[in-house]
Every structure is written in structure tokens, then in C-alpha cells.
Amino acid sequence: SAINEAQSTFGDTKTAMAFFEAEIGVPYPWPKYDQVCVNDFVAGGMENTSITTLTDNTLYTGATENIGNSEGLVSHELAHQWFGDLVTCKDWSHLWLNEGFATFYAHLYDGHKNGRDAMLYGLYNDAKGITDRTDDTKPIVHRGFDDPMEQFSYLAYPKGGWVLHMVRSQLGEELYRRCIKTYLERHQYDNVVTEDLRAILEELSGRSFDQFFDQWVYHAHHPELDVN
């Protein structure tokens, strides 16, 4: 039944929203939140402000919980209400500020709900999808695209998420949270570029992030390790 599908598919929404409010430090910014599934949707989900449109392929009954669930998609699109709707990238070259954040915060919710190993396993799978590539020649922030859809790639999603995981690991959770809260509050209802995030990380940490962003965001590829 539709009620069974709705509960099995979207039952995480309330707990995910409470987690994001606590983790991000900024209350959910809109007066409501709706999730609507449509037939033949062109993507997994689209984070319209206060209402997410989703594929009907993500509707599950309770009987399928062991083989598939909507947890990752629901939390990804919900995270966009802050990262993508409250604050959104100025142009397609900075798309990772939307998609990298949504990817990483879905991992954080996975860790909150299912334990740290679940989060680390998600990050591990993302990393394999980056390091296994043989055509890794573009940086995350890249303007040489013919079609904006080219930007919706592994660079904006898993690599963008990994950049945030590395920043959080360097700063520690408390200072990282303070930086992200400041980033959202300072730029709410406005557009951002990557330098806006870097400037706040430097301001609040007192550390330079020039080399870090130059290596990971403005240049391509990843370290290749030859170990014996």
C-alpha cells in the first residue's frame, strides 16, 4: 500500500532532519518539507527549496528493507536544503559546494544511524570510485565544460565529499562545525564560490588552506602511492 511505502521510504526524514540541525548548527531553514515521487523522473532526486522531487523507483515496502532502502537518497536531498538551497553555488564550476556537501552529510547521517563503520565503508567505496579511474585529468573546480551536465560527475560528488572529510579530519569536529555554521550564516540566501569557504576555514582556524585547496580542488588527480 502507499502508506506502507511512504513509511518504509521516508520514515528516516524526521531523525535525519534532527541530526542535520544538530550537526550543521543551523535550524532547518524553511517552514515545511515535502517529498514527492513522480513517474519517469529524470534523476534520483531534485532538491527544490522546501520540496524534493524523487524517482518512484525509490519507493519501498517494509519487505524490501534488506535489499534496498532510500536512506542515502533521502538524507542526500535533505542535506541540500542547507547546501544548495539556503546557500547555492554561483556557477556550475563550483557545483561541488552543493553536491560534495550533500554527499558527505549523507555519509555523516549513515554514521549517526548505522555506526562509524558504515560511514567509513561509504567513504571507502567513494574513494575506490575516484582512485580506480584512468581519466582523472580535471580538477573539481573546472570551467572548460561544454554542457553543465558534465559537472555532475565523481568530482562534484564523491571527491567533493572526500575534500570535506579531509578538512573535518584536519580541523577536528568542533572547529569544523563552527566553520560550516559560519559559512551558512554568512552566505544564507546568497551565492558562493569555493574561495568563500576557504576564507572562512582560514579565518576561524588561523591556518592557511591555500596549498590544500590548490592540490585537491584546483588541480586534478590524487596521490599515487608506490609501496613495498
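Thoughts on the layout of surface pockets
There is about 380 Å³ of room inside the largest pocket. If you trace the largest pocket, you find 24 residues lining it, with Met46, Glu47, Glu99, Phe152 and Tyr157 closest to the centre. Secondary structure elements with two or more residues in the lining of the largest pocket: β2 (45-48), α3 (71-79), β4 (87-89) and α4 (96-114). Residues belonging to the lining of the largest pocket are distributed by class as follows: 11 nonpolar, seven polar and six charged.

Re the pattern of salt bridges
Applying the stated rule across the entire model yields 16 salt bridges. A salt bridge links Glu23 to Arg168, with the shortest nitrogen-to-oxygen separation between them at 3.5 Å. One end of the pair, Glu23, is in helix α2 (residues 13-24); the other, Arg168, is in helix α6 (residues 155-171), with 145 residues separating them in the sequence. With a relative accessible area of 5%, Glu23 lands in the buried category. Classification of Arg168 by relative accessible area gives buried; the value is 10%. Linking Arg168 and Glu173 is a salt bridge whose minimum nitrogen-to-oxygen distance equals 3.8 Å.

Let's talk about the side chain of Ser50
When you line up the elements, Ser50 lands in the loop between β2 and β3 (51-55). With a relative accessible area of 12%, Ser50 lands in the buried category. Setting aside chain neighbours within four positions, we find Ser50 in contact with Tyr28, Trp30, Lys32, Tyr33, Asp34 and Gln81.

Notes on unusual backbone geometry
With a phi angle near 55 degrees, Asp40 is a residue other than glycine that sits in the positive phi range. Mapped onto the elements of the fold, Asp40 is located in the loop between β1 (34-38) and β2. A positive phi is found at Ser50, a non-glycine position, where the angle reads about 75 degrees.

Quick word on the nonpolar core
Of all hydrophobic cores here, the largest spans 54 residues; its most connected members are Trp82, Trp96, Phe101, Tyr105, Tyr183 and Leu197. Excluding residues that lie within four positions of it along the chain, Leu197 makes contacts with Trp96, Leu97, Phe101, Leu164, Ile180, Tyr183 and Phe213.

Regarding the sheet that holds β3
Read across the sheet, three strands follow the order β1-β3-β2 without closing on themselves; strand pairing throughout is mixed. Each end of this open sheet is capped by a strand with a single partner; those strands are β1 and β2. Strand-to-strand twist across the sheet, computed as the mean angle between neighbouring axes with direction ignored, equals 20 degrees. Taken together, the four bridges between β2 and β3 define a ladder with antiparallel strand orientation. Residue pairing across strands places Asn48 opposite Ile51, the latter belonging to β3. Strands β1, β2 and β3 of the sheet are contacted by α3, whose axis makes an angle of about 25 degrees with β2.

Observations concerning the environment of Gly62
Among the structural elements, Gly62 can be located in the loop between β3 and α3. In this structure the C-alpha to C-alpha distance between Gly62 and Glu5, which are 57 residues apart in sequence, comes to 7.3 Å. In contact with Gly62, not counting residues within four places along its chain, are Asn4 and Ser8.

Structural notes on α4
Its 19 residues place the ends of α4 26 Å apart at the C-alpha level, agreeing with the 27 Å of an ideal helix rising 1.5 Å per residue. Of all 19 residues making up α4, 16 are buried, and the element is well covered by its neighbours. Of the residues one or two after α4, Gly115 is the one with positive phi, at around 100 degrees.

A look at the packing of α4 against helix α7 (residues 173-187)
Their axes nearest at 15 Å, the elements α4 and α7 cross at an angle of 140 degrees. Comparing the axis directions of α4 and α7 gives the class oblique. Where α4 crosses over α7, the handedness of that crossing is left-handed. Of α7, the residues touching α4 (which contributes Leu97, Phe101, Phe104 and Tyr105) are Tyr176, Ile180 and Tyr183. Residue composition of the contact of α4 with α7, grouped by class: seven nonpolar, no polar and no charged.

About the thresholds
Residues numbered from 1 in each chain as written. Predicted model: local features only at pLDDT ≥ 70, side-chain atom pairs only at ≥ 80, totals over all residues. Heavy atoms only, no water. 1 Å grid on protein atoms, 1.4 Å probe; cavity = no way out; pocket = protein on both sides within 12 Å on 5 of 7 lines; lining within 4 Å. Points joined across faces, edges and corners; volume = space filled by probe spheres on them. Helix = DSSP H or I, 4+ residues; strand = E, 2+ residues; numbered from the N terminus. Nonpolar A, V, L, I, M, F, W, Y, C, P; charged D, E, K, R; others polar. Salt bridge = Lys/Arg side-chain N within 4 Å of Asp/Glu carboxyl O. Buried < 20%, exposed > 50% of the residue type's maximum accessible area, 1.4 Å probe, protein only. Contact = heavy atoms within 4.5 Å. Core = buried A, V, L, I, M, F, W, Y, C linked by side-chain atoms within 4.5 Å. Pairing = 2+ DSSP bridges. Axes fitted to C-alpha atoms, helices over the stretch in contact; angles between N-to-C directions. Expected span 1.5 Å × (residues − 1). Parallel < 35°, antiparallel > 145°, perpendicular 65-115°, else oblique. Left-handed = near helix turned anticlockwise from the far one by under 90°.

As far as function goes, none of this settles anything; it's purely spatial.
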